[in-house]
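Observations on the three-dimensional arrangement
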Amino acid sequence: MKKSSPAIPATNFQLILKRTGVILLGLLTMAGCRQDIAATPSKEFSPESSFSISSQSSLPSPIKQTAQGIVHLEGNGTFSLLDAEDNTIQISLFEYQGENADLIQEGAEIQVEYLEESQTLPFQVLSLLLITPPPLWAKYRSQAEEILSSMTLEEKAGQLFFIRCPSVDTVEQIAAFHPGGILMFGQDFAGLNAEQTIEKITSYQQASAFPLLIGVDEEGGTVARVSSNPLLRQIRFPSPQQLFNRGGMSAIISDAEEKSRLLLSLGINVNLAPVCDVSTMPIDFIYNRTLGQDAAHTAGYVDMVVGVMKKEGIGCVLKHFPGYGNNLDTHTGIAYDYRPLETFESSDFLPFQAGIQAGAGCVLVSHNIVSAMDSVNPASLSPEVHRILREKLGFQGVILTDDLSMDAIRMYTEGENAAVQAVAAGNDMLIVSDYSRQIPAVLQAVQDGRLDESLIDGAAVHVLCWKISLGLI
C-alpha cells in the first residue's frame, strides 16, 4: 500500500502560497512583465484572497456552555460568576433580549447558558435561571463594611442599641453614646404638632455622627404612639382586627400605606410592626394586637403589610418571635411556653416566614421561655432560638431584642450584663432604657475578652445595611 503524504496544516499552506506569490511577482518584474500583471489581475491566483478565506474557515465555531454560580456585579452590563470549583467566568448582558435579566443581583446563585467564543470576552448570555435568591442586603454589605472600618469601637458598639428616647438632654446623650436608633413613645409626642415633631426628630439626627433609626410602635388599636396624639392624627389608627372586619385585606393595605406615609413625613423611619403572633382566643394576652385569625390568614396579612411598608420605604419589624400564642404578659413577669416544636413549625412560624420572604429587615425576639427550643433561657437570650431563626427560617437581617428592662427578663440577667448576654446570644440590636450602663458594659466585655469584637462588627454591619436599605446612608 502506498503511504499517503502527511497533510499540510492550513496555516502552513497559506504561508507557502503567499511566499510563492511574492517570488513569482519578483521574477515577473525582473522580466519586465509587471505592468501586464497589474493591468490583468488573475482570478486564479490571488495570495491575499486565498489567505483571507482560509483564515476565516479556521476559526472555531462558538459553543453553547452552561455554568452555575454566585453573581458578582462588575458594572457596564457585565458580571462574573463564581462556580463551585472557584472558577470565575465573565458574562455580558449587552444586547441580551431574553427573560429574567433582573435575576442578576449581587450574591444571587444562578444558572446561565452562554456562548463561548475564544476571541470574545465577556461571554454573551443566552438564558438565565435563578437557583437561590441573593442574601438580604448583599449589595449593601461592602458599603457597610467600608463605613465600619472608619468607626471606633465605641461607635460600633453604640450601633447595637435601639435606646428608649431619653427624657432629658436627648441631643447630648445621642452625641455621647452613638446609639443606632431611638425608640419613641407616646409621651415623646405629647402636645406636639407635626412641625414640632419634625423639628425634634431633626435635632436628634443632627446630633448623631451616623443616621439614626427612629422607631415607634404604631400597630394601631391599643398600641399607637403617634396617632394617640390628635395633633398628629385626628383619631388613632384602628387595630388589625378592626380593619379586617371593616374591609378585609384591602382596608389593611390602605391603612399600611397611610400609616407609613404619616410616619415618614414626621421623620420616623421604622415602625415596630406588624404583629405576627397567631391568636384566635380573646382570652389571650396578645389577642387584641393580632389579626385574630389562623396562621394562614395571619401569614397573608403579614406578607401584604411588609410589601406595602417596603414599597413606601419604611422599616418594619416582625414581632414577637418565636410567637406569643397564649402566653402571659412578659411586661410584668416571665412567660413559659410548653407547646411542642411542631406547633411552631406548623403555625407560629408561618407569619414570620411570610414576612421574611417579603423582605422584612428586622425580627424582634420575645422574652418567653419556649421549652421546646430552650428550657432555661428567655428567647431573647437564647442562642438556640437565634439559631432557629437564622438557619431554619433563613433570616439574614437585624435581630432585635424586646426591651431588656422588662420585668420578665430581670431575674435571668445580672444587672448591667443583660446587654452582654443578648449580644452573645446572637442579637444585632438591643432595646434598652438603661443604655448609660449597658453600652459601657458591652465595651468592657470586649476589652476583657468576654465578647469577641467580631460579634460587634457583624451586628453593626447588619444595622448599617438596614440603614442603607432604607436610604438613610
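Here the structure is shown first, and the text comes after it.
Calculation criteria
Per chain, residues are indexed from 1 in the order of the written sequence. Given that this is a predicted model, residues contribute local features only at a pLDDT of at least 70 and side-chain atom pairs are listed and counted only at 80 or more, while totals for whole chains, interfaces and linings are drawn from all residues. Side-chain numbers here rest on the full set of heavy atoms in the structure, without hydrogens or water. Secondary structure elements are defined from DSSP: runs of H or I of at least 4 residues count as helices, runs of E of at least 2 residues count as strands, and each element is numbered from the N terminus. In this analysis, two residues are considered to be in contact whenever any of their non-hydrogen atoms come within 4.5 Å of each other. Note on classification: 1.4 Å probe, protein chains only; a residue is buried when its accessible area is under 20% of the maximum for its type, exposed when over 50%, partly exposed between these limits. Any N or O atom pair separated by 3.5 Å or less is treated as a polar contact, with the protein-specific requirement of one donor-capable and one acceptor-capable atom, and with residues adjacent in sequence counted only for side-chain atom pairs. What counts as an axis is a line fitted to C-alpha atoms, over the stretch in contact for a helix, and the angles between N-to-C directions run from 0 to 180 degrees. Roughly parallel here means an angle under 35 degrees, roughly antiparallel means over 145, roughly perpendicular means 65 to 115, and every remaining angle is called oblique. Crossing chirality is assigned from the near helix's rotation relative to the far helix, an anticlockwise turn below a right angle marking it left-handed and a clockwise turn marking it right-handed. Basically, the charged four are Asp, Glu, Lys and Arg, the nonpolar ten are Ala, Val, Leu, Ile, Met, Phe, Trp, Tyr, Cys and Pro, and anything else, Gly included, counts as polar. To estimate how far a helix should reach, multiply one less than its number of residues by 1.5 Å. Throughout, the arc means that of the directions going from the helix axis to the C-beta atoms.

Turning to the environment of Tyr204, a few remarks are in order. Mapped onto the fold, Tyr204 is located in helix H7 (residues 194–207). C-alpha of Tyr204 to C-alpha of Gln173: the two residues are 31 residues apart in sequence and 9.7 Å apart in space. In contact with Tyr204, not counting residues within four places along its chain, are Cys165, Thr170, Val171, Ile174, Met184 and Leu212.

The next thing to look at is the side chain of Ser92. With respect to the helices and strands, Ser92 occurs in strand S3 (residues 88–92). Residue Ser92 is classed as buried on the basis of its relative accessible area of 8%. Of the polar contacts made by the side chain of Ser92, one reaches the backbone nitrogen of Phe94; its length is 3.0 Å. With residues up to four places along the chain from it excluded, the contact list for Ser92 reads Gly77, Thr78, Pro122, Phe123, Gln124 and Val125.

At a minimum axis separation of 8 Å, helix H9 (residues 295–312) and helix H10 (residues 341–357) run at an interaxial angle of 20°. When the axes of H9 and H10 are compared, the pair comes out roughly parallel. By crossing handedness, the relation of H9 to H10 is classed as right-handed. Facing H9, whose interface residues are Ala295, Thr298, Ala299, Val302, Asp303 and Val306, H10 presents Ser347, Leu350, Pro351, Ala354 and Gly355. When the residues that make up the contact of H9 with H10 are grouped by side-chain class, the tally is seven nonpolar, three polar and one charged.

For H7, spanning 14 residues, the distance from its first C-alpha to its last is 20 Å, which sits close to the expected 20 Å at 1.5 Å a residue. The set of residues buried in H7 consists of Thr197, Ile201, Tyr204 and Ala207. Projected down its long axis, H7 carries its buried residues within an arc of 120°, all on one side. Exposed and oriented more than 90 degrees from the buried face of H7 are Glu195, Glu199 and Gln206. Regarding H7, its N-cap is Asn193, as a side-chain oxygen of that residue lies 3.2 Å from the backbone nitrogen of Glu195 further along.

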